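Geometric and topological summary
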Amino acid sequence: MIKPMASVGAEQRITITNLWRSGRANLFFIMVGLELCLLLSVLVWLLLSAPPRPSLTTTPDLSRLTDEIQGRLSGLIIDPVIEVKPGVFVRSSNVRGFRYEGHVYYYYIEGAVNYDPLSRGLLRPDQVEIMLRDDSGEQTIVIYRVQ
């Protein structure tokens, strides 16, 4: 049997080639790892910089809110009347809303002409948070606030 003999230079070339191939694979995995770290840090930054949504836990007692609106409509609570167009007068709380316990609330009466931002088309339905639909009285009142 003949045993072929490899020269020293050929063995060195084989070793250097194998090192280069494994080095490229390591470089690839290092680059992928760096990209993942960058993407994750951008994702965390976006999540932390997003404004917090107001939760329903900060909602006041809705029965007191309904009494507040009923008082405005009945005249027990002073709510000035403003002219929205010639000859049409409405309560200012129906147009501008009213502040109650740190939030601005709007309302409209179903089946009646209303001048709140939602009824006038200044807001879309997805921009408001319906707080209550009160049909316990003579008129059905819908109370909402802007998100």
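We now turn to the structure provided with this report. (Residues numbered from 1 in each chain as written. Predicted model: local features only at pLDDT ≥ 70, side-chain atom pairs only at ≥ 80, totals over all residues. Heavy atoms only, no water.)

Some words on the overall build of the protein chain
- Along its length, the protein chain carries 4 helices and 6 strands.
- Listing each helix as α and each strand as β along the protein chain from the N terminus yields α-α-β-β-α-β-β-α-β-β.
- Taken across its 147 residues, the protein chain has 27% of its residues classed as buried.
- Carbon and sulfur atoms make up 63% of the accessible area of the protein chain, which totals about 11100 Å². (Helix = DSSP H or I, 4+ residues; strand = E, 2+ residues; numbered from the N terminus. Buried < 20%, exposed > 50% of the residue type's maximum accessible area, 1.4 Å probe, protein only. Areas by Shrake-Rupley, 256 points an atom, 1.4 Å probe, with all protein chains shown as cover.)

Section: the side chain of Asp-134
- In this fold, Asp-134 is placed in strand 5 (residues 128-134).
- The buried charged residue Asp-134 lacks any salt bridge, with Arg-133 as its nearest oppositely charged partner at 8.8 Å.
- For Asp-134, the residues in contact, after removing those within four places along its chain, are Thr-66, Gln-70, Gln-139, Thr-140 and Ile-141. (Lys, Arg positive; Asp, Glu negative; His and termini not counted. Salt bridge = Lys/Arg side-chain N within 4 Å of Asp/Glu carboxyl O. Contact = heavy atoms within 4.5 Å.)

Re the sheet that holds strand 5
- Reading across from one edge, 3-4-6-5 is the order of the 4 strands in this open sheet, with antiparallel pairing throughout. What marks the edges here is a single partner per strand, and that holds for strand 3 (98-100) and strand 5. In this sheet, adjacent strand axes meet at a mean angle of 35° when their direction is disregarded.
- With 3 bridges joining them, strand 3 and strand 4 (residues 103-109) adopt antiparallel strand pairing. Paired with Arg-99 across the two strands is Val-104, which belongs to strand 4.
- Across the sheet, helix 2 (residues 62-74) is in contact with strand 3, strand 4, strand 5 and strand 6 (141-146); its angle to strand 3 comes to roughly 145°. (Pairing = 2+ DSSP bridges. Axes fitted to C-alpha atoms, helices over the stretch in contact; angles between N-to-C directions.)

Section: the environment of Leu-62
- Tracing the backbone shows Leu-62 in helix 2.
- With a relative accessible area of 24%, Leu-62 lands in the partly exposed category.
- In the structure, Leu-62 is positioned 70 residues away from Leu-132 in sequence and 7.3 Å away in space, judged by C-alpha atoms.
- Discounting chain neighbours no more than four positions away, the residues touching Leu-62 are Met-131 and Leu-132.

A short note on the pattern of salt bridges
- On inspection of all chains with the given rule, the structure shows 6 salt bridges.
- One salt bridge connects Arg-64 with Glu-101, and the closest N-O pair in it is separated by 3.3 Å. Of this pair, Arg-64 sits in helix 2 while Glu-101 sits in the loop between strand 3 and strand 4; the two residues are 37 residues apart in sequence, bridging distant segments of the chain.
- Classification of Arg-64 as partly exposed rests on a relative accessible area of 45%.
- In this structure, Arg-72 and Glu-68 form a salt bridge, with 3.3 Å as the shortest nitrogen-oxygen distance. One end of the pair, Arg-72, and the other, Glu-68, are both in helix 2, 4 residues apart, so they sit about a helical turn from each other.
- When its relative accessible area of 11% is taken as the criterion, Arg-72 is described as buried.

Things to note about the environment of Arg-99
- Here Arg-99 shows up in strand 3.
- Residue classification places Arg-99 among the exposed positions, given a relative accessible area of 58%.
- Polar side-chain contacts of Arg-99 include one of 3.3 Å to the backbone oxygen of Gly-102. (Polar contact = N/O pair within 3.5 Å; in protein donor to acceptor, adjacent residues only side chain to side chain.)

Geometric values such as these leave the question of function open.
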